[in-house]
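For reference, the chains in residue letters:
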Amino acid sequence: MDAVLLAFCVGAWVFVGFNALWGIVAFILLSVPVCGLTLSGVLVGLFGGTSTLSLLLSVGGLLSKCTHTPFLSRKAYAFLALFVLFVFVDTLGLLPFSLVYGDLAMSSLCIFALVAFALDRVLGWLFLGALAMQVLIKEPILYVGMADIYLFLGACVGLFKDHLARRLRS
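Please read these numbers as outputs of a predicted model, since none were measured by experiment.

Cut-off values and rules
- Each chain carries its own residue numbering, running from 1 in the written order of its sequence.
- At least 70 in pLDDT is required for a residue's local features to be given in this predicted model, at least 80 for side-chain atom pairs to be given and counted, and no such filter applies to totals for whole chains, interfaces and linings, which use all residues.
- Computation of side-chain values covers all heavy atoms of the structure but excludes hydrogens and water.
- Aromatic rings from Phe, Tyr and Trp, taking only the six-membered ring of Trp, are treated as a pair when their centres fall within 6.5 Å; an angle between ring planes under 30 degrees marks them as stacked, one over 60 as edge-to-face, and anything in between as tilted.
- Helical segments are the DSSP runs of H or I of at least four residues, strand segments are the runs of E of at least two, and each set is numbered from the N terminus.
- Think of it in three bands: residues with accessible area under 20% of the maximum for their type are buried, residues over 50% are exposed, and the middle band is partly exposed, with areas taken using a 1.4 Å probe on protein chains only.
- For a Lys NZ or an Arg CZ to count as sitting over a ring, it must be within 6 Å of the ring centre and within 35 degrees of the ring normal.
- What a helix is expected to span follows from its residue count: subtract one and scale by 1.5 Å.
- It is the directions from the helix axis to the C-beta atoms whose arc is reported.
- Note on definitions: a residue-residue contact is assigned when non-hydrogen atoms from the two residues lie within 4.5 Å.
- Residues enter a patch when their relative accessible area is above 30% and they make no salt bridge; the linking distance is 9 Å between like charges and 5 Å between nonpolar side chains (Val, Leu, Ile, Met, Phe, Trp, Tyr).
- What sets the accessible areas is the Shrake-Rupley method with a 1.4 Å probe; for residues, cover comes only from the shown protein chains.
- By convention in these notes, a salt bridge is any Lys or Arg side-chain nitrogen within 4 Å of a carboxyl oxygen on Asp or Glu.

What follows concerns the packing of aromatic side chains. Here the structure, examined in full by the defined rule, presents eight aromatic pairs. Relative to Phe83, the ring of Phe79 has its centre 6.1 Å away and its plane inclined at 15°; by these criteria the two rings are stacked. A residue pair is termed a helical-turn pair when its members lie 3 or 4 positions apart in one helix, as Phe79 and Phe83 do in helix H5 (residues 74–91) at four residues. Look at Phe79 and you get buried, because its relative accessible area is 8%. An aromatic cluster is built from Phe79, Phe83, Phe86, Phe112 and Phe127, whose rings are joined through pairwise contacts. Between the NZ or CZ atom of Lys161 and the centre of the ring of Phe18, over which it lies, the distance is 5.4 Å.

What follows is the structure, given as structure tokens:
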């Protein structure tokens, strides 16, 4: 199931970034088995499944593309990249304090949600939606459900595209 969700997320982001044809091609490339293995299955095996926030961002990106509205701002992409980096550094135990596995996990996620709201309203709603989904399915509230490597790569690509667009305009 994680492999299908990853293929969906990648196909959605390619569709949002380019067009529907490339999104379908990306989905097919990740989903078609070669020698019994799919590329998305291998990626999930290496790096883990997609997070709830990644799924909601993919659906939000599709909806914004279909309604022809802008989706995330440059600040939102920067926040997502820094948030995921914080989670990875904290998970590795490189910080003197731990917000990922401590008693402060829920309260610190709420603070991150408020920061997301302050930076970008759509991102704030999606962040709160991911928290609500974790509560409703009675999953333990962990940062791992909010951050993954695919989210980090997507945020970095969004920042890079925005940087290129700014450089081409000037």
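Moving on, we get to helix H6 (residues 105–119). Over its 15 residues, H6 extends 21 Å from the first C-alpha to the last, a length consistent with the 21 Å expected when each residue adds 1.5 Å. Within the sequence span of H6, burial applies to Ala105, Ser108, Leu109, Phe112, Ala113 and Ala116. Angular distribution of buried residues about the axis of H6 spans 150°; they occupy a single face of the element. In H6, those exposed residues whose orientation departs by more than 90 degrees from the buried face are Ile111, Leu114 and Ala118. Where H6 is buried, its residues touch H5 and helix H7 (121–136).

Now for a nonpolar patch on the surface. A cluster of nonpolar side chains, Phe8, Ile24, Phe27, Ile28, Val32, Val34, Val59 and Leu63, forms an exposed patch at the surface whose accessible area comes to about 680 Å². Looking at the nonpolar patch, the elements with two or more residues in it are helix H2 (20–31) and helix H4 (52–67). With three residues, the single largest contributor to the nonpolar patch is H2. Accessibility expressed as a relative area gives 40% for Val32, which makes it partly exposed.

Once that is clear, we can look at the pattern of salt bridges. Throughout the structure, instances matching the rule amount to two salt bridges. With a closest N to O distance of 3.6 Å, Asp162 and Arg74 form a salt bridge. One end of the pair, Asp162, is in helix H8 (residues 149–169); the other, Arg74, is in helix H5, and 88 residues separate them in sequence. Taking relative accessible area as the criterion, Arg74 reaches 44% and is therefore assigned partly exposed. Residue Arg166 is joined to Asp162 by a salt bridge in which the shortest nitrogen-to-oxygen separation is 3.1 Å. One end of the pair is Arg166 and the other is Asp162, both in helix H8 and four residues apart, which spans about a single turn.

Treat this as a map of the structure, not an account of what it does.
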